[in-house]
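Coordinate analysis (summary)
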Amino acid sequence: METLKLRTATFGGFQRQDVVDYIESTAREHAAQLNALRAELKQAQEKADALAGEKARADALSQRCEDLAARVDELAPLEDEVKELRAQVEEFKPQAEAYADVKSKLADIELEAHARSAQVVKQAEEEAAGKRLEAQAMLDEIMQEYSHVGSTANTAITDVICKLTDLRASLSRLGELELKLGGGSHE
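Just so you know, these numbers come straight off a predicted model, no measurement behind them.

Take the overall build of the chain next. When helices and strands are tallied, the chain shows 2 helices and 0 strands. Relative to a compact globule of 187 residues, whose C-alpha radius of gyration would be 16 Å, the chain shows 68 Å and is clearly more extended. In terms of overall dimensions, the chain has C-alpha extents of about 220 × 60 × 25 Å along its principal axes. Per-residue burial over the chain gives 2% buried out of 187 residues. When the accessible surface of the chain is split by element, carbon and sulfur atoms take 60% of a total near 17,100 Å².

The following block contains the structure:
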């Protein structure tokens, strides 16, 4: 703040301009102080609002803590049951591990049996294919032999028919000759 320097006037009082300057200077200082106080008030209100928000969050957290504490109190009787269940789990753990081992061994046995059965099926299929080929070859051979026997039989039958035809013709000639011979003696 400026020091007051009012000059006295010749007729009872102070110089008018000094008084006006002083008033204006004081008004400016008061306006600056007022603006500074308003800024401080605004900051204080913002802090108060922030603190109110923080208080609301703190109240909410406090309520949440109280709710959780009540829930913990509700769950406290279950601690004994949890301990008992854990003891049972520990008691059954060796049996479960043994079961898992047996299950693993059974799975291995099943896989091995499946592999063996696949191998046996493959061998059986290969043997069956071989037997089919052998049977087909035998059938082809039998059919060829049958065809040969049939052909031979047809040839033999044809020969027999030809010989029978020749024999019939011969017998017929003999009959004619006999008739001629016998007929001449009877005549």
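For the structure on display, the rule yields 3 salt bridges. A salt bridge links R57 to E54; its shortest N-O distance comes to 2.1 Å. On the criterion of helical spacing, the pair formed by R57 and E54 is a turn pair, its members being 3 residues apart in helix α1 (residues 16–75). Residue R57 is classed as partly exposed on the basis of its relative accessible area of 47%.

Let's shift gears to α1. Given a rise of 1.5 Å per residue, 60 residues ought to cover 88 Å, and the 86 Å separating the end C-alpha atoms of α1 matches this to within 8%. Among the residues of α1, those classed as buried are D18, S25 and T26.

What follows deals with a nonpolar patch on the surface. Nonpolar side chains collect at one region of the surface, where V160, L164, L167, L171, L174 and L177 lie side by side and expose about 580 Å² of accessible area between them. By the element assignment, L167 lies in helix α2 (residues 78–186). What makes L167 partly exposed here is its relative accessible area of 47%.

As a further point, take a negative patch on the surface. Taken together, the side chains of E79, D80, E81 and E84 define an acidic patch exposed on the protein surface. Within the secondary structure, E84 sits in helix α2.

Moving on, we come to the environment of A56. Along the chain, A56 falls in helix α1. Along the backbone, A56 and A27 are 29 residues apart, and their C-alpha atoms lie at a distance of 42 Å.

Parameters and conventions
Residues numbered from 1 in each chain as written. Predicted model: local features only at pLDDT ≥ 70, side-chain atom pairs only at ≥ 80, totals over all residues. Heavy atoms only, no water. Helix = DSSP H or I, 4+ residues; strand = E, 2+ residues; numbered from the N terminus. Rg over C-alpha atoms; globule rule 2.2 N^0.38 Å. Buried < 20%, exposed > 50% of the residue type's maximum accessible area, 1.4 Å probe, protein only. Areas by Shrake-Rupley, 256 points an atom, 1.4 Å probe, with all protein chains shown as cover. Salt bridge = Lys/Arg side-chain N within 4 Å of Asp/Glu carboxyl O. Expected span 1.5 Å × (residues − 1). Patch = residues over 30% accessible without salt bridge, like charges linked within 9 Å, V, L, I, M, F, W, Y side chains within 5 Å. Lys, Arg positive; Asp, Glu negative; His and termini not counted. Charge placed at Lys NZ, Arg CZ, Asp CG, Glu CD.

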